[in-house]
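Architecture at a glance
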Amino acid sequence: MRKLLISKWSKTGVFLLCLLPLASLVWRGLHHGLTANPIEFITHATGDWTLRFIVFTLCITPFRKLLTLPDLIRFRRMLGLFAFFYGCLHFTTYIWLDKFFDLKEVWKDIAKRPYITVGFLAFVLLIPLAITSTAGWIRLLGGRRWQLLHRAIYISAAAGTVHYYWLVKSAVLRPLAYGAFVAALLLWRWFEKIRARPGGIKATPLKSQAGI
Ligand code: HEM
């Protein structure tokens, strides 16, 4: 498994996999497969994938520790940037295809409709994370400050889940499942923090834990 993770093609492979949701949308667009309401279909697909990529990004740290696969860290930045990428597509679909760049209308929606307000918060929080995702920014901010800033992804995940929960009328099962998963990831991180404290619960250390 490790060989596969560190192979020079693994990043290209993951990159291409991450493009599949977009490719599927383009394919459907070219083959009249975007249903009778294409704007709604694209908004929902891009929203779904934004949330999924946020969750994939959050899974990297627990998975590398629990599965003893430290090399998974190689993919975290890419997954986070894809969350931002699909978030941009989602937001662009809304302001372009739904609101025709009527920024006054967009602003009214953000201010008046709670599910749009939290969705906007979730998206805005991803912007500094995408900007500061480079090695240069890690050096500039210093590891601790960078880690602190990047915890905002948990707030973004929670806000994205609330956004989803508030917009669905009756099918609450999926947003609730996302909520439970994000809560489990948060609990795991909290448990790990307690375990790492002097006098905390003993754990077998994992070699070369460079990431958070
Ligand atoms: C990280 C940020 C965001 C995430 C994770 C996210 C996620 C989602 C999800 C999961 C859905 C539902 C998809 C489905 O039903 O299958 C959705 C729908 C939607 N989102 Fe977002 N969203 C985000 C940001 C935004 C922003 C910034 C806006 C607009 C300002 C927005 C506007 C909408 C709209 C209009 C819908 C469709 C609502 C409806 O069908 O009634 N979202 N979003």
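This write-up is about the structure you can find in this document.

1. Let's talk about the overall build of the chain
Helix and strand counts for the chain come out as ten helices and zero strands. Counting only C-alpha atoms, the chain reaches 55 × 40 × 35 Å along its principal axes. For the chain, the proportion of its 212 residues judged to be buried stands at 37%. Considering only contacts in the chain between residues 6 or more positions apart, those separated by 24 or more positions represent 67%. Accessible surface computed for the chain: about 13400 Å², of which carbon and sulfur atoms make up 71%. Positive and negative side-chain charges of the chain, numbering 28 and 8 respectively, have mean locations separated by a distance of 17 Å.

2. Quick look at the coordination of the iron atom of the ligand
In an ideal tetrahedron of four donors about a metal, each angle is 109.5 degrees. In an ideal octahedron of six donors, the angles are 90 or 180 degrees. Surrounding the iron atom of the ligand are the protein donor atoms His90 (NE2) and His163 (NE2), which sit 2.0 to 2.1 Å from the metal. Around the iron atom of the ligand sit six donor atoms, and with donor-metal-donor angles ranging over 88 to 179 degrees the site reads as octahedral. Linking histidine 90 in helix H4 (residues 76-98) with histidine 163 in helix H9 (residues 152-167), this pair joins segments that are 73 residues apart in sequence.

3. Considering the side chain of threonine 57
Turning to its location among the elements, threonine 57 is positioned in helix H3 (residues 38-66). Take threonine 57: its relative accessible area is 9%, and that puts it in the buried class. Only 3.3 Å separates the side chain of threonine 57 from the backbone nitrogen of glycine 80, close enough to count as a polar contact. Setting aside residues up to four positions removed in sequence, threonine 57 forms contacts with Arg76, Leu79, Gly80 and Ile153.

4. Focus: the site of the ligand
Contacts to the ligand come from 21 residues, most closely from His44, Asp48, His90, Gly119 and His163. Here aspartate 48 contributes a side-chain N or O atom positioned 2.9 Å from an oxygen atom of the ligand. Interatomic distance of 2.8 Å between a side-chain N/O atom of histidine 90 and a nitrogen atom of the ligand. Listing elements by their share of the shell around the ligand, those giving two or more residues are H3, H4, helix H6 (114-131) and H9. A class-by-class count of the residues in the shell around the ligand yields twelve nonpolar, seven polar and two charged.

5. Overview of the pattern of salt bridges
Scanning all chains against the criterion turns up seven salt bridges. Residues lysine 99 and aspartate 109 are paired through a salt bridge, measuring 3.3 Å at the closest nitrogen-oxygen approach. One end of the pair, lysine 99, is in the loop between H4 and helix H5 (103-112); the other, aspartate 109, is in helix H5, with ten residues separating them in the sequence. Relative accessible area serves as the criterion here: at 16%, lysine 99 is assigned to the buried category. A residue is classified by how much of its surface remains accessible, and aspartate 109, at 7% relative accessible area, is buried. For glutamate 192, the salt bridge goes to arginine 195, with nearest N and O atoms at 2.9 Å. In this pair, glutamate 192 and arginine 195 are both assigned in helix H10 (residues 173-196), three residues apart and thus about one turn of the helix distant. Classification of arginine 195 as partly exposed rests on a relative accessible area of 27%. Connected through salt bridges with shared partners, the residues Lys65, Glu192 and Arg195 form a single ionic network.

Procedures and definitions
Residues numbered from 1 in each chain as written. Predicted model: local features only at pLDDT ≥ 70, side-chain atom pairs only at ≥ 80, totals over all residues. Heavy atoms only, no water. Helix = DSSP H or I, 4+ residues; strand = E, 2+ residues; numbered from the N terminus. Buried < 20%, exposed > 50% of the residue type's maximum accessible area, 1.4 Å probe, protein only. Contact = heavy atoms within 4.5 Å. Areas by Shrake-Rupley, 256 points an atom, 1.4 Å probe, with all protein chains shown as cover. Lys, Arg positive; Asp, Glu negative; His and termini not counted. Charge placed at Lys NZ, Arg CZ, Asp CG, Glu CD. Donors = N, O, S within 2.8 Å, 3.2 Å for Na, K, Ca; no water. Tetrahedral: all angles 85-135°; square planar, octahedral: opposite > 155°, others 65-115°. Polar contact = N/O pair within 3.5 Å; in protein donor to acceptor, adjacent residues only side chain to side chain. Near = heavy atom within 4 Å. Nonpolar A, V, L, I, M, F, W, Y, C, P; charged D, E, K, R; others polar. Salt bridge = Lys/Arg side-chain N within 4 Å of Asp/Glu carboxyl O.

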